[in-house]
Amino acid sequence: MKTTDLCDKYGDSLRVIDPIGFQSFGGRHEFNGQIETVKCYEDNTYVRAALEKDGTDIVLVIDGGGSNRCALLGDNIADLAHTNGWNGIIVFGFIRDSVAVSMIDIGVIALGTNPKKSAKNRQGTVNIVVSFAGVDFTPGEFVYVDEDGAVVSDSKLILP
């Protein structure tokens, strides 16, 4: 589903994510699914924990506060997400192992790359409303991502 077509059909009922510099890093450039969230700052403990479970038809939205000081996702965790059926990951923060991540059949967008790994201090919160890029991401709602951007809807969208 192209985000442009979704915007044409659903208009103002969609929330368009501000184009603040997200880049596509995963092997898929188009992905969508129901939203689950992790809010964490420079600690990816709960990111891994979320992606260890079945993610069929789900997109994990990570609010890392936009920090560029370390990566919240690397190739091992992206591969874990792929293995567990996740459709994609949106990181308001940075990733590492970008070449390896690009070879994994999963959608990943993030602000950039940093080779430093994150802390593992079990700091974070899961499945709460997170806000960045001008949008609230509510668990259970839906996100659609492609080369033109990303949109959020309170319900699953259908195109004829």
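It should be emphasised that the depicted structure is a prediction, and the values quoted were computed from it without experimental measurement.

Conventions and cut-offs
- Residues numbered from 1 in each chain as written.
- Predicted model: local features only at pLDDT ≥ 70, side-chain atom pairs only at ≥ 80, totals over all residues.
- Heavy atoms only, no water.
- Buried < 20%, exposed > 50% of the residue type's maximum accessible area, 1.4 Å probe, protein only.
- Helix = DSSP H or I, 4+ residues; strand = E, 2+ residues; numbered from the N terminus.
- Pairing = 2+ DSSP bridges.
- Salt bridge = Lys/Arg side-chain N within 4 Å of Asp/Glu carboxyl O.
- Arc of directions from axis to C-beta.
- Contact = heavy atoms within 4.5 Å.
- Disulfide = S-S within 2.5 Å.

A. Just the pairing of strand β6 (residues 88-95), in detail. Counting buried residues along β6, 8 of its 8 residues qualify, which places the element largely inside the surrounding structure. Bridge count for strand β5 (residues 71-73) against β6 is 2 bridges, and the pairing is parallel. Among the inter-strand pairings, alanine 71 is bridged to a residue of β6, identified as phenylalanine 94. Bridge analysis of β6 against strand β7 (residues 107-113) gives 6 bridges, and the strand direction is parallel. Bridged to isoleucine 89 within β7 is valine 108.

B. Looking closely at the pattern of salt bridges. Under the counting rule described, the total for this entry stands at 8 salt bridges. When the shortest N-O distance is used, the salt bridge between glutamate 147 and lysine 2 registers 3.5 Å. Of the two residues, glutamate 147 is situated in the loop between β11 (142-146) and β12 (149-153) and lysine 2 in the segment before α1 (3-10); the sequence distance between them amounts to 145 residues. Judged by relative accessible area, which is 53%, glutamate 147 ranks as exposed. Between lysine 53 and glutamate 36 there is a salt bridge, and its shortest N-O distance comes to 3.2 Å. Here lysine 53, found in the loop between α2 (45-51) and β4 (58-63), pairs with glutamate 36, found in strand β3 (residues 31-39); they are 17 residues apart in sequence, far enough to count as distant. For lysine 53, a relative accessible area of 38% translates into the label partly exposed. A residue is classified by how much of its surface remains accessible, and glutamate 36, at 15% relative accessible area, is buried. Via salt bridges that share partners, Lys2, Glu30 and Glu147 belong to a single interconnected network.

C. Representation of helix α3 (residues 75-83) within the structure. Among all positions in α3, only Ile77, Ala78, Leu80 and Ala81 are buried. Projected down its long axis, α3 carries its buried residues within an arc of 155°, all on one side. Residues of α3 that are exposed and point over 90 degrees away from its buried face: Asn76 and Thr83. The inward-facing, buried residues of α3 contact α2, β5, β6 and α4 (98-102). Directly beyond the C-terminal end of α3, a positive phi value near 85° is found at glycine 85.

D. Region of the structure containing the environment of phenylalanine 137. Mapped onto the elements, phenylalanine 137 comes out in strand β10 (residues 135-137). Setting aside residues up to four positions removed in sequence, phenylalanine 137 forms contacts with Ile17, Ile35, Thr37, Val61, Ile128, Val129, Val130, Phe132 and Val152.

E. Representation of the state of the cysteines in the model. Counting across every chain of the model gives 0 disulfides. Here cysteine 40 is not disulfide-linked; the sulfur of cysteine 70 is the nearest cysteine sulfur, at 8.6 Å.

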